[in-house]
Structure formats: C-alpha cells, structure tokens
4 protein chains.
Amino acid sequence: MFVEKIKTEGLAHLSYVIGDGGEAAVVDPRRDCELYVELAHARGCRIAHVFETHRNEDLVSGAPILAAMTGAEVHHGPNPERPVVYADTVREGRRFTFGKLELAVLETPGHTDDSLSFALYDADFGSEPVGVFTGDALFIGDVGRTDFYPDRAAEVAGLLFDSLRKLEALGDQAILYPAHGAGSVCGDAMADREFSTIGYERRNNPMFALQDRDAFVEKKLNEHHYQPPYFRLMERLNMEGGEAVRRVLSPAPRGAGALAGHEGATLLDVRGVTAFLGAHLPGSLAIPADMLSAFAGWLLDPEERLLLVADDGAQATAAARSLAQIGYDRVEGFLDTALPAWAAGARPFGALPALDVEEVARRVADPPEGWSLLDVRGVTEVEASPIPGARHLYLGELPQRLGELDPERSYTTMCASGARATVAASVLARAGFSGVSVFLGSAGAWQAAGHPTADKAQ
Amino acid sequence: MFVEKIKTEGLAHLSYVIGDGGEAAVVDPRRDCELYVELAHARGCRIAHVFETHRNEDLVSGAPILAAMTGAEVHHGPNPERPVVYADTVREGRRFTFGKLELAVLETPGHTDDSLSFALYDADFGSEPVGVFTGDALFIGDVGRTDFYPDRAAEVAGLLFDSLRKLEALGDQAILYPAHGAGSVCGDAMADREFSTIGYERRNNPMFALQDRDAFVEKKLNEHHYQPPYFRLMERLNMEGGEAVRRVLSPAPRGAGALAGHEGATLLDVRGVTAFLGAHLPGSLAIPADMLSAFAGWLLDPEERLLLVADDGAQATAAARSLAQIGYDRVEGFLDTALPAWAAGARPFGALPALDVEEVARRVADPPEGWSLLDVRGVTEVEASPIPGARHLYLGELPQRLGELDPERSYTTMCASGARATVAASVLARAGFSGVSVFLGSAGAWQAAGHPTADKAQ
Amino acid sequence: MFVEKIKTEGLAHLSYVIGDGGEAAVVDPRRDCELYVELAHARGCRIAHVFETHRNEDLVSGAPILAAMTGAEVHHGPNPERPVVYADTVREGRRFTFGKLELAVLETPGHTDDSLSFALYDADFGSEPVGVFTGDALFIGDVGRTDFYPDRAAEVAGLLFDSLRKLEALGDQAILYPAHGAGSVCGDAMADREFSTIGYERRNNPMFALQDRDAFVEKKLNEHHYQPPYFRLMERLNMEGGEAVRRVLSPAPRGAGALAGHEGATLLDVRGVTAFLGAHLPGSLAIPADMLSAFAGWLLDPEERLLLVADDGAQATAAARSLAQIGYDRVEGFLDTALPAWAAGARPFGALPALDVEEVARRVADPPEGWSLLDVRGVTEVEASPIPGARHLYLGELPQRLGELDPERSYTTMCASGARATVAASVLARAGFSGVSVFLGSAGAWQAAGHPTADKAQ
Amino acid sequence: MFVEKIKTEGLAHLSYVIGDGGEAAVVDPRRDCELYVELAHARGCRIAHVFETHRNEDLVSGAPILAAMTGAEVHHGPNPERPVVYADTVREGRRFTFGKLELAVLETPGHTDDSLSFALYDADFGSEPVGVFTGDALFIGDVGRTDFYPDRAAEVAGLLFDSLRKLEALGDQAILYPAHGAGSVCGDAMADREFSTIGYERRNNPMFALQDRDAFVEKKLNEHHYQPPYFRLMERLNMEGGEAVRRVLSPAPRGAGALAGHEGATLLDVRGVTAFLGAHLPGSLAIPADMLSAFAGWLLDPEERLLLVADDGAQATAAARSLAQIGYDRVEGFLDTALPAWAAGARPFGALPALDVEEVARRVADPPEGWSLLDVRGVTEVEASPIPGARHLYLGELPQRLGELDPERSYTTMCASGARATVAASVLARAGFSGVSVFLGSAGAWQAAGHPTADKAQ
C-alpha cells in the first residue's frame, strides 16, 4: 500500500498515485500524465480511478486524458449547474476500495463549491484514517483561498471553516496530502515543509487552529489574491476536458536565419534574469523558465504564437512543459543561437542596466529628473515593506495598465529581488519605453542594507 | 524542508535524506551511497551529517563511505565496549540543526543497545515533533526484534518496551520513519503500508499498543527469528567501516567458452525460479536475484568467488548490487549465454520437475517408497500451517544440516509457494542428491486446494 | 554534419538521422518515432525531411507519424499503381540540401520497384559521395531479397543487379548505410559487422562482387525466403499510413484474480525459453520477447487480444514495443504474478521436458513407438544440416499445417538451439498434443556432439 | 562486431569501444571511464584491452584507470626514453584479436614519436582493413599538429608525411576513426563532418592529399599552434598514470552565507556569456562551462581551489566533469544562489557593458581618449581578419602578459563573437582594470556589417 507524491515545480502542484493489490488511483493529475501510468505500473498496479479534489483554476487537469489512456473512471465533486463533463459526481460518504486501501469521500467546500477531500483507510488495520487528501481546502501552514465567488465571499469563507472542522475531526494521526505546496498561487502562507499531519496542523497552522468562525471569515475577507486571466481558460478546459500535451515537448531548434519563418510570433526569452539583462533580442519578453507557471498566464495570450529564446534545449523543453501544463501550446521552436553568435551576424540586441541598492538609495533620496522607481510586487508584499517613493503596479497587471505610465520617464523596476523586476522591465522595453533599468536586489537589498521602509505603500 | 525516503528492495531497508537551508543529513545510508549525494545536491543541499539509528546487522552501512565522499560527520548511539570507529557517539537530548529543521536524539535501546531515534522538528512552527526516525525500534505494524543478546533476552525486551513509551510520548501527530518496511528480516509482522504516524500505530500496531510491560516481554521471548551467518560480518564491517562498492557494478559478460577461466568459482543462478526448473547449469546454486538479500547471507561465503548465471546484464547487475549491499564483492562475471545456446554446444544441463498440488497430495496420502516431502519454511510459518508428513528443515540451515538427510531418498522440496523450495532443491542437487523435485505452489496451494494441515509440525 | 544510426533489435532494422546547419532528415523511421525528434533536437536540428528507401514489409513505417509530429515532408520512390498516400514521389537525380549536407536520389529497384538509395555529399568538400543509404538493395555481406514479385522473379533479380552496379559506381570511399543488419528476415547472409564501405563490400560481399548478371539472377532464383502473413498488413499500413503507437507502451499489470476480465485473450508468454519449459500457464503460447519481431507475425493475428505473461514490467514493455513496431496493438496487460505465486493459488500449470542430445540420439537411433522428432527450422537451415529421421515443418507454418501432424504421437521439437523448438512445442501443447518435449541444444548440439547429419532433409 | 564512438564535447575528443565475440577493446579512453565499461557490457563484451594512439597532451588518459577497473592490458607506442609506466610497448605489425575482429599496429609518428594507428580487420571477410584508428595523425579534413618537438620541427613534419602515406596505403575502403573532431585544439582545419574514409580524405583533405613531402613540411612549419601550460601536467599524468575522477562529480551546493567557508578559492563563473555580462560576483573569473576544456588549462592552476558560480546543479556538474577531464579536481562546490537573490542580501555585484558593432565602429573611426580595442583571438584568426586599430593579445596568454596593458586605459575586448572577449574582460576586471566592456558580435559582426579589415594585424 503506497502513496507517491508527484510535485510539479513552478505550479507547486502536488498530485498523488496511491495503490494496493494491483489497483491504483491518481489524485489531481496534471496534464502531462504519462508519468502516473509509468509510476503505477512500476508499482504493479493498473490505474483504475482518478479523483479530483476540485476543478483546478491554475493548471490543466490531466483527469480526462489519463482516463482515455487507461480506461480509469474520473470522480469529481458536485457542481450542479455546470458539471464536469468527463467525470461522475461523487458525494459525501461514498467509499472506493483498492486492495486493502479505502478512500472515503468528504465534501469540503469553501475554496470551490465542488471541493472534496478523500480520507484514506487501511482495511487491515484500524478504523481511523491514516491520511487525507485535502485538495485546496487545507495546506501545510495555510488554508485555501476563498476569493473565487466574490458575491458570496463571507459565505464561502464560512463554508471553508466548516470543512476544516470536518478535516480536524479525522484525528491527529492522519497524514496530510494537500494539492499544493509552498510557492503556489493558491495560498500565500504555506510552510516550506513538505510533510505534516492533521495533528501537527491543528496546533501550528494559524488559520486551521483558529476556532472562531467569525474571526476566520473576517481574516479570509481581508486577504488579497490575484486572479490571472488564464484562470478563465483553465476553468473552461477543466469543465470540458483538455487535450493531451504534444508527444514531443522539446521545441525544435531554430537558427537565427530561420526567424523570418516565425514572423508574428512573440519572442519569449526564458533564460535567467541576468542573461536577459546582459543581452537579449530586441522586442523579446523575459519570463525565465521557472517563472512561467506564475506569469505566462498573466503576460501571454494562450493563442499567441511563441518562439523561445533559451540557453539550450533542456531549458527550452522545461519551458514548453511549464507552458503546456497551463494550456499554452503554441511554441513553434526555440532560438538555438547564443547571443554572441546572434550579435556576430551584426544583428541588433538590447541590454538592461542593473542598479545596485546604493545607487537606488541615492536616487530615492534625491530623485533624478524624470526618473521613477516602479514596484511590481503584489499588494500584500508592498504593504509589508513599502519602499519610499516607489510607485506600485503589480507585474501581472502591467500590460493592461501600461497606459498609466509615462513613456517619457525613465523607470527602474523593482520587486523582492530583481527577478520580477526584470520581467517588468522587458514589458516596458517592448512597449517602447527607453531608459529602463532594474534594481537588482530590490526590496530584499533595501532591507538588508538597512534603508527604512515608507510609512505606507503608494 | 524535505524528507525523502530511499527504499532498498530485497533488504526492505529504508534510508532517508532530510534537509533544509542548504544542509542535508542522511539517516541509515546503505553501502552504495552515491545516490544520497545526488539526491541532496538536486535538493540544493550539501550533506553535512550522517545519522545511524543503530549498528545494522543485515546490510553494510554506507555511513563511513558517505562521510569520506562528502566530509560529513557520522553520529551513532552509545556502544561503550565496542564503539563504532568512524562515528562520534551522541546521547539523549543532543540536537542538530539544518536550516529550520532540527533533529533531537532519543536513546531507544532494546533492538540493540546503541539504538537511537531522532525526533524531527520544524523550528518555524510548533514545539512538537512533526516526525520521528525510529530505526529498528518501531516499525509500521510491528516493533523491532530483541533476540540479539540471548543472555539478556528479557532485559532487552523490557528496554524496548520502555523505548516505545518514549516514542509514544512524542504525540499522535508525529510521522513515522522506520528503518525497514514489509519484507525485512528485522520483523515478521510489518504492515504492507508504507506510511504511518505515532497516533495511528498507537491504536493499530499490536505490539506498540500493548501497554503491559510483562505481557510485552513475554510475547517477545516467544518470537522466533533466524540469524543468518553473514550478520557476524555485517557487525564487524559496521563497527570498523566497510569499503565503497566497486565503481562499476555490472558484472562482465562471459561466454560459455570463458568458464574455464573461472575454475573454482560458484555458479550462482540468479534467474527466476521457473527458468531454473526448466534448465540450468549442472552444479549451479539457484538464488533468484530478488531473493539474494534474504538468502545469499545463509548460503554463500563472503569469500566465495561467484560467477552468475543471469537472463541478461540488467539482472546480473541487480544481483551484483544486492550482493554488494551485504558485503559480497567477489562476482567475477556473468554467463552471457542463454541455456539453449549453452546446450547447443552439447554442454550438459540439469532440470527439476515441478509437482502440482494434486500430485503432492496423492504422494502425501500414499507416500511412495523412498520419497519425502521436505518443508524449508521458517519455523513460525510451519507452525502456522504444518503439512502432513512433511519434514521440516529451514532453508537457511540446509547446507549445514545436509547430513541429516538421506541421499538415497528422493525429496520434493516445499515452502510457501515454491520459490525457496527451488533454492533448496538446487542445494540438494549440487550435493549429489538425485530424484529431487519441487512442489510448485507449496503450502499456499495446499491450503487453497482445501487440503488439511497437520496437527503439528514435524 | 552527422549521421546517427538507430538500431531496432529484433527487427535488426536500421534507421538514420542525418543533419547539418539546423536541419535534419530521417531515413526509414520506425513506428515509435519520438526518439528521432529528441535525437535531432539534441543535435540542434529540426526534422525537415523523411526519406523512405522503399515500402517496408517487415515493420510499420513511422514516416507519416513523424511527419505529423514535426511538419516534415516525406519522400518515397515511384509506385505508379499504388502510390504511398502520405509521401511525394521522388525520382533519380533529385537533390536535397540540409546545411552543407546533400542527398541525391538514386533509383535502385529490385528488392521492390520503389526502392531508392540516397547518396550523401558534403558540399564543403569533394564531389564524390561520402556515404550512401542503400535500403534493402545492398547490405553488409549480402544483397536484398527479390522474392516479392513471384511472377517477375528473374526480371527483378536482374533489376537488383543493375542497381548494385549503380551503387558500385559511387566509389570505394562511400560509407554504407543499409536498412537492416544481421538477424533481419530481409537477408540471410548478412555480416555480423556493423560498418562497411562500398569499397570493402565490392571486394568481400559475395553477391555484390558477382559481376556476371546471369549468374547473379540464377543465384537469386535459388534462394528460399519465407513471407510471414503479417507482411500483407505492413504493406497496407505502409501505403496508407499507420497510426502512432500508444502513448504509454508499458502494459498494465494484472493479478491472477483479474484474468477473468480478459476472457478470450490469448495468453502470450514472453519469458525466456527455459522459464516456459519449467512452468507456464496452461494454454499459453510461448514467444520470448526477443523472438516477437520474428514470429509474432506468423503465429498471431493482429486482431487477436493479448495478455502477456512476463517476468516483470520491463520485459512486458519490451514485448509490447516489439509488437507495436509490427502493428500488433491489442495488448491488454500482463500477468504480474510469478509462477510460484500462481501455483500457490492451486491454479494449474504446465511444463515441458527438455531432452539433451544424448537422449535424442538414443531415440533417433532406436525410435520409441509413437515418437517423432519435429524439426521446425527454415528449409535453408535444414538442407544445410538435416538430422536423421527428423520430420520438417517450418515453425512459421506450424499453426496452418497442424493437421499434418498426428495428435496420437508424441513429438520432440527441435530447431538450431531449442528456442524456436520451445515456441513450436507451445503451439502443439495449446492444440492439445500431449507428450510434447523439446530437444534443448537441437541441431547445434547434434553437430557439436559429433552425430552425423542425414543424407537429405525429409 | 561493433565500433562505438564516444565523443567528449569541449575537448572534441573521440574515443572508441570496439568488440566482438565477448571481448572488447577501448581506444584512447578519457579519465571518467565508467561509461566504456557499461557500454561494453551492454554489448555483451568484457574489456580486455586498452589501446592508446599516443600520449595525449590535452586530456588525462583513462587507460590506467580503466585497466584497474577491468583488468585489461594497456598498449602504447614506443617511447624509449620515457616509457608510459602503465602500458606495455607495442610495435609495428603486432596483431590483436577479439572474436573475428583484428587490430594491427601501425607506427605512425609525427604528431608524437609514440603515435600509433590501428588497422581494423574482419577475419571472416577480406584481407583489407575495414577501418583504421588514426589518433592524431590523420583527422577528417586535416592532419595532426607537429609542433611538440620544436628542435626537430622539420623532421617530425616529415615523419608525419611518411605516416600518412602508410595510412593511405590501407586503401580507399577503410573507414577513418580519428582521436579528435572539429573544435579540438589538436588541429585547426578539421571538417565539421563526423565520418569519412581513407578514400574520401585522399581526395578531399588538403594536407593528406598533398603528395609533395617538402611542400608538406613547409606548410606544417608555417602553422601556428598554442600550447596551454596544462599540457605539461597532462604529459606527466599520462606517463605516470592519473587517478580516477571522484565518485560523485556534482559539486555541493553552497549558499551565499557559506562562501566564508571557501576563503581563498577562486570564484569561477561557468554561466553563459550574457549572464556574466548582466551581473556577476565581484572578482569572479568567467569561463562558461562549454569553454572550460579550452581555457581552464590556460587561466587556472591545477592546484587552485575553485568555487563555481553556475545557473544550476546540472551546469555545475558539467563544468566539474570538464575540469576533471583535464585534471582539475579542486572544485569545492558551487554557489546555489541566483544573482537576484545574491543581490537581495545587499551583496555587491559587477556587470559589464556589451557594445554593439556600430558603437565599436564609431570608436574605431574616432578613438575616445584612453580607450583601446583588445583582440584576444589566436594569431591565425587575427591574421585572417585583422580589425583596424585593435591591439592583439591572445586570451590564453592574457594573465601572463597583463603587465603589457595600461590599467589607466579602458579596454573593450573582442574575439570572433564576444565569448572569449567576455572571458578576457573578466580577467581584466579581476585584475582591477575599470571601464572594461565587451564587443558583442566582435569580428563576426564587424565583417557582417561590412566594415573593412586592417591591412595587417597589430
């Protein structure tokens, strides 16, 4: 009897293969789902069931794809108005058995109306659950966000509170298997720890430990979460069923001379931050490969044709995989020409200066004419450590709100470290802003250097 | 903050890499230990510490090898008379910190005098342990064996009882990380489940749940465990420090014509049971690759030169790895000639008939002249389901006790299914017994077919 | 500028990825064709072209699948009456360029009417070809078979002779890249050597060196080749275009208890020969995994549902891959229960005795009543070394010609070593023949032991 | 019978595993040599012999290491004064047999006195060689360099000419297996093509085709080659025998906070060129991972302790491997902190501006006060396309000749594309030069943009 956790970096998404006696089930599979089959087979099990804890907003579900691949049945929570077309609806109390392993369905709404948890039992042993799959209801160190039904905000926060009580009642001994770990957009305060139990969370997870329903609801209502536009696409795909990823994810290498064949495609530079600062193709958008899960859904349209700029094929493939996991399939290839070779053809290139904390501090103290510091962090971060004089505009919203900026000014972008700031700088540069620079180190350096924060964010 | 479990099949041995903040520790590394370094590095951590829960009897410890490879310190429990030369001795209450992760030493003697457990804390969260490494003190579904100090049998069983109480006191929320899983020789009754908590075991593990010290000791004294002779070698190596495995474990392929160059080596057939029954090299010993961890230490001498007979290089390599993990390094190659090709050179071969349950039942009911049924299971198994008329002689002890058998008789060997019976049959055939056959299906088939067991084992 | 050879074991099929300057081409891709894309991408090239040397009879072409995956164009030789629907037709003299690499089309009919060769040039260097892809026209040590147009046998043999002269004219310096290596059914006398040149073959390949057209044709007319029935399916698929292999080739593990769910499926035992002899499921057909490419197309129907019996998942997957490469897709799973465990459920099993050469020689010298020796080798092999008293019936034809055998007799099957003999024995046993045994060592042992061959085959 | 080529990128080194009949040989193994054993075993062969074509100058030989691992014998050419201690000396005409494969020794001095070639025969076929291992005597498109015995320059060039005639006499049909491919420091003019034959080279390799001994010698005397200082170390190690690489090559990740523990180590930045330009640790030396084989031996001392700066563990491991292959073992770890996170600790960083061709052309046309363009290409390249006004100083010699530069001037470094220029710029910056910049695109851009070259190099 096994539970194997599959962690998808970037999305910080956790899925699980569980099995016993030759039968396996997958909980919350991602879109590129061959790995679950291989894993189950290696464990001597056929995949017979797929369980979804809820309709995911942040990734394309692999449930219908995996079902087509294996013949497994898909089980989903109640969604009376718009049922998931590829799944049957299961309700509280339904039990599924694989060998000696049993899963019992718990309805745990709040994060979404269709949220389920699955308590895990070992039929050979006691009657208490030995573990529980909590989806986006309960995380390690945090609980799920409840901002998806703005009209019913207090109601669903309350529903989540009730669901958490149901989970608490499973007992301290139950191991926790959530759908996301630290780094996910589905929760801000998750622990960096990858393992926990109901008993441990009951004592140490601030929101789970909070036993006052009204206080809980109040806190949830005061949270701020962003909803990237691609969430809409995910909802549709995860109701109707998405397609399998392409069979070969590695993008085709393209030489500098072949770019003409990709006219109209967006040049997406997935190299590291400093590589982009050092030199990049004019007009390219910087989203480093490990930031694609978080920002492609804000800054790119799913229908946009993409040509990657990458250090090598491995990085291009990782980028294509991250994009595919959120439904972005139109990668036409990657530029297999390093920047020196690119430039050796007398082709133009751009660069962005990196300012250090002392330089930025000087400018903040005595702002040069026409210069602004642009903070692209999330509002929660900015409120926690506002930088004096910085203007705030969240990176995800930058493309839509560019009109609020003045193309005549020169902007230095900043975030927590300089990574998102570089992405933002590339957005500005593409839009024709000149004099763009990046505050490398950003808020982290500001604080480490002992500079004071502002009284409040602007 | 991560805990990664590495399971070594065959030995059913569990080791762990844990880490946070760039520093990792390994608990109970096996001999072929490069994988821990790769795993820690992939997690962004340097291995700084190695912890041993006790001096292992059943495998060569990788602790000194890993320390030489990485510069890590090795920590071991108290062994006043014969301290482990490659480790420092740590005592109750000592704490180690890696990033936000803390390990606290618990002395939990009983299985061995030097047994330690390590409680795992997350410094960012509560004061209770989130997990505990229990070594061979507490398993999932069982507790450690206490037969290693025959003179002090009741005393050490009592020590284990006390140690278990110390573990129980850590709280229901603590996740259990033992040193062995189901299939290990270190415990008979382990659950097949790979995950548990103190809380779950407290309720469902019969020996852990037993709160009466005297009853506990009584039960432990009535257990029967075998101690393969290679345990002595393991004890010495794990006190003095073993050598690293050879850099390339895959044995060199050898053609039939090259066997002359391996004169004096034991032909060790690691193919599956039925392949050996069908045809095998005369004089070869059958120990299928997945049974080597359990039986090589009984049937082979560590100084014995070995030439493997294998289906292919992958199987030969798996066999060499299993052998190396218990200190058997003298594999000179493997016969890379399938039996048909072997026979096509007009070379001799042997075969063993497989008897089915109906044939054996006929013989048991009306024993042919000069025929015996030889049961090679462990005594505990035999007592649970004795087969009428079968003579019992445990497989591990067969080579030493061959003199008790009559070479004039024809033996049909049996066990639970026919696997160990085939090993036993090969031992008899090598020793010159003729008329040897194997009861395929064995006790399992006997019971499934509804034949009655004997009143008691013979 | 690179040429990479991909060898498909079993089929002894050779395909090639060639490339330069960011563009690659594949010659004769097999059906499971992701590997070509990965390989080309790793070389910094996009696959832009696929070339077929002829319409393959012995495997499913991956050309249309690879084209769909990459957008590459497929090029095929002239087939006026039934053109390949997924390819354009190219003729002598057409040249293709990738970077500095050029391919020139040569029409080299004989093996098939549409056979092409492709001479390979380096535009930066001399005007002679540096290599040539010869398809099934010229092999290392042999030339292609010419038995596919029985009505035009002499004509096509003559065409091949002329084609060989065209290849010879390319010059001694040209490296040879054929479509098959030793072990293929497409030629009997191929060298075991994996590399050669036109110059080396011109001197050392007996048929290529033969400069007398009539003598060449005469020799070709006297060759005997078998055409397995699946060749018809391959021809159709390779004209119309086959489908991609399933995304996960590893068959699902099935326990003994799940067999009932596969009622009507053929039990196909892909374990090694001796494992089948030792014990097997009643009614199962033995075709060891490495013999599937050669015999599945004779002994199985492509529409037959298959349940594999395998040692492990890796072997089952290898078997499923071999089957898929020749268009056999209906693998429903594999029995993940070793024979001892199978038998432990009191389930029935079969076994086949292996006779050694001395026993068979005794029987041949003085045949027991009702006993026959059945030689299942190919006619060419039998003619080279006939065994006295053996009846000949080629393994591939055995299922169709079972009626010629007498179910009342007991047969000992033989071949060159005992491998095909075991397959044949399983065919007989499935058909209800009793008293079947296998001559392990077979003709090889017969000769190695110094027994005389017969005057002629029977 | 197989020949497998193993290409070591960076060094452009080619080694070979050849085998037949269960016995394999390795030609010119590199230091990290486990892969040869795995490859031979996968081919069903034991490694019985190791052949060296000559004492390598540019990498650590794996011959003695591989011999220790497998028991193989090592064979080397005659070196009367300083014989290789781990090998026996073989002379012209000696033959070695593996199965049907035969290797015949040819003495082919010129590149070195001990240079051997090995002609490859198939004993089953003709008497001509089917291939030849030519070491550094004959490459594809070029011949070996002859600058290692400055006192005997004309003599050894003549010896090479004679050796080439011996190779030519093997016949057009022989496939060429040299010890290096394009990109090696062992020859300037190698073809980018990876395959050839004696016949093809005879016609198309300019130096091999040259049949006038005096003209040949004259041309060789006019070649210019650099000898990096580490060649001396290689010669010593390859005479006495080097040690095996460490068992785990992946360097340990180190956080920014751990750098204090590596005081005195050189910070070696192995990231890509533009990443270094964008931001880097102060005082770090830039040698991108794929340039280490070429430049570590010039710019680093083998005894220097190294701490890598890398994008990730994979890149750090690749760098450590390249360093190990040339005997640089003192890698203590790699900085596992991206530059933004580094800077977020308010730690200092550097950056280098990249100038484009128009900016450089402006400066060349009208040089700013105190500015110089520094060309770090090899002399042969500079002579082929001198840039007006540029000062030449070869990158490899830069550390030793820094005193020739003026620290008061600001230098823009250039090479062919900007890669070596970045390495050079890092050398200058470490030495305290300020105002350093890099001409990205360099000579390639200069020519592509149509700017004129100078009359002659300066």
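Definitions and cut-offs
Residues numbered from 1 in each chain as written. Chains lettered and ligands numbered in written order. Predicted model: local features only at pLDDT ≥ 70, side-chain atom pairs only at ≥ 80, totals over all residues. Heavy atoms only, no water. Domains from an automatic or database assignment. Buried area = accessible area lost by both parts, 1.4 Å probe. Salt bridge = Lys/Arg side-chain N within 4 Å of Asp/Glu carboxyl O. Polar contact = N/O pair within 3.5 Å; in protein donor to acceptor, adjacent residues only side chain to side chain. Helix = DSSP H or I, 4+ residues; strand = E, 2+ residues; numbered from the N terminus. Nonpolar A, V, L, I, M, F, W, Y, C, P; charged D, E, K, R; others polar. Least-squares fit on C-alpha atoms with pLDDT ≥ 70 in both. Phe/Tyr/Trp six-rings, centres within 6.5 Å; stacked < 30°, edge-to-face > 60°. Buried < 20%, exposed > 50% of the residue type's maximum accessible area, 1.4 Å probe, protein only. Contact = heavy atoms within 4.5 Å. pLDDT = per-residue confidence, 0-100. Pairing = 2+ DSSP bridges. Axes fitted to C-alpha atoms, helices over the stretch in contact; angles between N-to-C directions.

Student: Please set out the domain arrangement of chain A residue by residue, giving values where relevant.
Tutor: Residue and element names in this part refer to chain A. Here chain A is partitioned into domain 1 (2-240), domain 2 (253-344) and domain 3 (354-448). Computed from C-alpha coordinates alone, the two centres of domain 1 and domain 2 are separated by 33 Å. Between domain 1 and domain 2 lies a buried interface of about 1200 Å² when both sides are counted; carbon and sulfur atoms form 60% of it. On the domain 1 side of the interface with domain 2, the three residues burying the most area are Arg-31, Asp-32 and Tyr-230, jointly 39% of the side's total. For the pair domain 1 and domain 2, the interface holds two salt bridges. Put simply, Asp-32 and Arg-321 hold a salt bridge, and the shortest N to O gap is 2.3 Å. The tally of links from domain 1 across to domain 2 stands at six residue pairs in polar contact (both at pLDDT 80 or more). Looking at the side of domain 1 that touches domain 2 element by element, the count peaks at three residues for helix α7 (residues 230-240). Taken together, the residues of the side of domain 1 that touches domain 2 sort by class into nine nonpolar, three polar and five charged.

Student: Please provide a residue-by-residue account of the relation of the copies chain A and chain C, values included.
Tutor: When chain A is fitted onto chain C, the two copies agree to an RMSD of 0.0 Å after a turn of 180 degrees and an axial shift of 0.0 Å. Interpreted geometrically, this transformation is the action of a two-fold axis. Within chain A, the C-alpha atom positioned nearest to the axis of rotation is that of A:Arg247, 3.8 Å from it.

Student: Can you tell me about the packing of aromatic side chains, naming the residues and giving the values?
Tutor: One pass over the full model with this rule turns up 54 aromatic pairs over all chains. Ring centres of B:Tyr16 and B:Tyr177 lie 5.4 Å apart, and the angle between their planes is 65 degrees; this geometry places the pair in the edge-to-face category. With a gap of 161 residues between them, B:Tyr16 in strand β2 (residues 13-20) and B:Tyr177 in strand β11 (residues 175-178) connect regions that are remote in the sequence. An identical accessibility class is assigned to B:Tyr16 and B:Tyr177; each is buried. Aromatic pair D:Phe51 and D:Phe98: ring centres 6.3 Å apart, planes at 80 degrees, arrangement edge-to-face.

Student: Explain the interface of chain A and chain C residue by residue, including any values.
Tutor: Contact residues are listed per partner, giving 21 residues for chain A and 21 residues for chain C. For the pair chain A and chain C, the summed buried area comes to about 1700 Å², and 54% of that belongs to carbon and sulfur atoms. Interface area lost by chain A to chain C is led by A:His41, A:Arg247 and A:Val248, which between them contribute 39%. There are four salt bridges connecting chain A and chain C. Put simply, A:Glu34 and C:Arg247 hold a salt bridge, and the shortest N to O gap is 2.7 Å. Between the two partners, chain A and chain C, sit 10 residue pairs in polar contact (both at pLDDT 80 or more). Top element by residues in the side of chain A that touches chain C is helix α1 (residues 34-42) of chain A. It accounts for four residues. When its residues are assigned to classes, the side of chain A that touches chain C shows nine nonpolar, four polar and eight charged.

Student: Please provide a residue-by-residue account of the relation of the copies chain B and chain A, values included.
Tutor: Relating the two copies of this chain is a rotation about some axis coupled with a shift parallel to it. For the pair chain B and chain A, the best superposition has an RMSD of 0.0 Å and corresponds to a rotation of 180 degrees with a translation of 0.0 Å parallel to the axis. By residue overlap, the copies meet face to face through one surface: 100% of the interface positions of chain B are interface positions in chain A.

Student: Help me get a handle on the side chain of B:Thr108, residues and values and all.
Tutor: Along the chain, the position of B:Thr108 falls in the loop between β8 (101-107) and β9 (116-122). Setting aside its immediate chain neighbours within four residues, B:Thr108 contacts B:Ser115, B:Leu116, B:Ser117, B:Ala137, B:Ser163, B:Lys166 and B:Leu167.

Student: I'd like a rundown of the confidence of the model for chain A, residues and numbers included.
Tutor: Mean pLDDT over chain A stands at 96; residues scoring 70 or higher make up 99%. On the interface metric, ipTM, the complex scores 0.95, and its pTM is 0.96.

Student: Help me get a handle on the sheet that holds strand β10 (residues 131-135) of chain B, residues and values and all.
Tutor: All names here are of chain B. Sheet architecture is open: five strands sit in the order β7-β8-β9-β10-β11, paired in mixed fashion. For this open sheet the edge positions go to β7 (95-98) and β11, each flanked by a neighbour on one side alone. Sheet twist, expressed as the average angle between the axes of neighbouring strands with direction ignored, equals 20 degrees. Relative to the sheet, helix α3 (residues 153-168) contacts β8, β9 and β10, its axis offset from that of β8 by approximately 155 degrees.

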